[in-house]
Amino acid sequence: MDVSLDTILLAVGPKDDDRLDHLARAILQVTVPTDATVVITHVFTPEQFKSVADDLGVPDIGVDEVDTVLERHATIRHFESVFKDYDVDYELRGVVGEISGGILNIAEATDADRVVISGRSRSAVGKAMFGSTAQDVLLNAPCPVTFVRGDS
C-alpha cells in the first residue's frame, strides 16, 4: 500500500476569503513534512469567470486562458505568498464549468493523493435544496478529502 503524498489539490472557491488562513494551515501541515506539490485550483462558473475577468480588467479573455485570470486573483496570490514562505511547490489549474465536476476532474487529471476543500455549515434542508459542492466532492473524489470548515 502506497501511503505517500505527492500531489495535494487545494480547491478554492469564491466564498473562501474568510478561510484562507485555515486552508493554508491545513495544507502546510501536510506538505511541509511530505514535500508534496500543491495544485491550487479554482473552478469558475461561466458567470463568475466573466465577472472576475471584468474586475481584473481583461474582459475579452477567453475561457481557454483561465490560468491567466487565476494568476491575478487575490486569493491565489495569498496562497502563492504563503507557499513561497514555506518553500512549498505549487502549480495553478483553473477551470470554467460546473464546480464539483471540475474539482473531481482535476483531482483525477493530476492523480491527486488528497483534495482539500472548505465550506460553511449548512442544514440538511439547505443541502437538499441548494446542493453542496463539498458534499459532492467528499462522496465522489478519487482520493481522501480534507474538509476545512469556516468559522460559524
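See the structure shown above.
Being a predicted model, the structure only gives us computed values, none of them experimental.

Basis of the calculations
Residues numbered from 1 in each chain as written. Predicted model: local features only at pLDDT ≥ 70, side-chain atom pairs only at ≥ 80, totals over all residues. Heavy atoms only, no water. Helix = DSSP H or I, 4+ residues; strand = E, 2+ residues; numbered from the N terminus. Buried < 20%, exposed > 50% of the residue type's maximum accessible area, 1.4 Å probe, protein only. Contact = heavy atoms within 4.5 Å. Areas by Shrake-Rupley, 256 points an atom, 1.4 Å probe, with all protein chains shown as cover. Phe/Tyr/Trp six-rings, centres within 6.5 Å; stacked < 30°, edge-to-face > 60°. Core = buried A, V, L, I, M, F, W, Y, C linked by side-chain atoms within 4.5 Å. Salt bridge = Lys/Arg side-chain N within 4 Å of Asp/Glu carboxyl O. Patch = residues over 30% accessible without salt bridge, like charges linked within 9 Å, V, L, I, M, F, W, Y side chains within 5 Å.

**A look at the overall build of the chain**
And then number 1: The helix and strand inventory of the chain stands at seven helices and five strands.
And then number 2: Helices (α) and strands (β) of the chain occur, in sequence order from the N terminus, as β-α-β-α-α-α-β-α-β-α-α-β.
And then number 3: When each of the 152 residues of the chain is scored for burial, the buried share is 42%.
And then number 4: Residue pairs in contact within the chain that sit at least 24 positions apart in sequence constitute 76% of those at least 6 positions apart.
And then number 5: Accessible surface computed for the chain: about 8,300 Å², of which carbon and sulfur atoms make up 48%.

**Regarding the packing of aromatic side chains**
And then number 1: Evaluation of the coordinates by the stated rule reveals three aromatic pairs.
And then number 2: On the basis of an interplanar angle of 50 degrees and a centroid distance of 6.1 Å, the ring pair of Phe83 and Tyr90 is categorised as tilted.
And then number 3: What makes Phe83 buried here is its relative accessible area of 0%.
And then number 4: What makes Tyr90 partly exposed here is its relative accessible area of 24%.
And then number 5: In this structure an aromatic cluster arises from ring pairing among Phe79, Phe83 and Tyr90.

**Remarks on the nonpolar core**
And then number 1: Leu10, Ile40, Phe79 and Phe83 are the most contacted members of the largest nonpolar core, which has 30 residues in total.
And then number 2: When contributions to this core are tallied by element, the ones reaching two or more residues are strand 1 (7-11), helix 1 (20-34), strand 2 (37-44), helix 2 (46-55), helix 3 (66-72) and helix 4 (74-85).
And then number 3: Membership of the second largest hydrophobic core comes to 15 residues, among which are Val43, Ile103, Val115 and Ile117.

**Considerations on the pattern of salt bridges**
And then number 1: Taken as a whole and judged by the stated rule, the model has four salt bridges.
And then number 2: Asp18 is the salt-bridge partner of Arg19, the closest N and O atoms lying 3.7 Å from each other.
And then number 3: One salt bridge connects Lys50 with Asp54, and the closest N-O pair in it is separated by 3.1 Å. Residue Lys50 and its partner Asp54 are both found in helix 2; the two are separated by four residues, about one turn of the helix.
And then number 4: A relative accessible area of 34% means that Asp54 is categorised as partly exposed.

**Some words on unusual backbone geometry**
And then number 1: Unlike most non-glycine residues, Asp35 shows phi in positive territory, near 60 degrees.
And then number 2: For Asp87, which is not glycine, the phi torsion reads 55 degrees and is therefore positive.
And then number 3: With respect to the secondary-structure elements, Asp87 resides in the loop between helix 4 and strand 3 (90-96).

**Re a nonpolar patch on the surface**
And then number 1: On the surface, Leu138, Leu139 and Phe147 cluster together into a nonpolar patch covering about 300 Å² of accessible area.
And then number 2: Position of Leu138 among the secondary structure elements: in helix 7 (residues 133-140).
And then number 3: With a relative accessible area of 42%, Leu138 lands in the partly exposed category.

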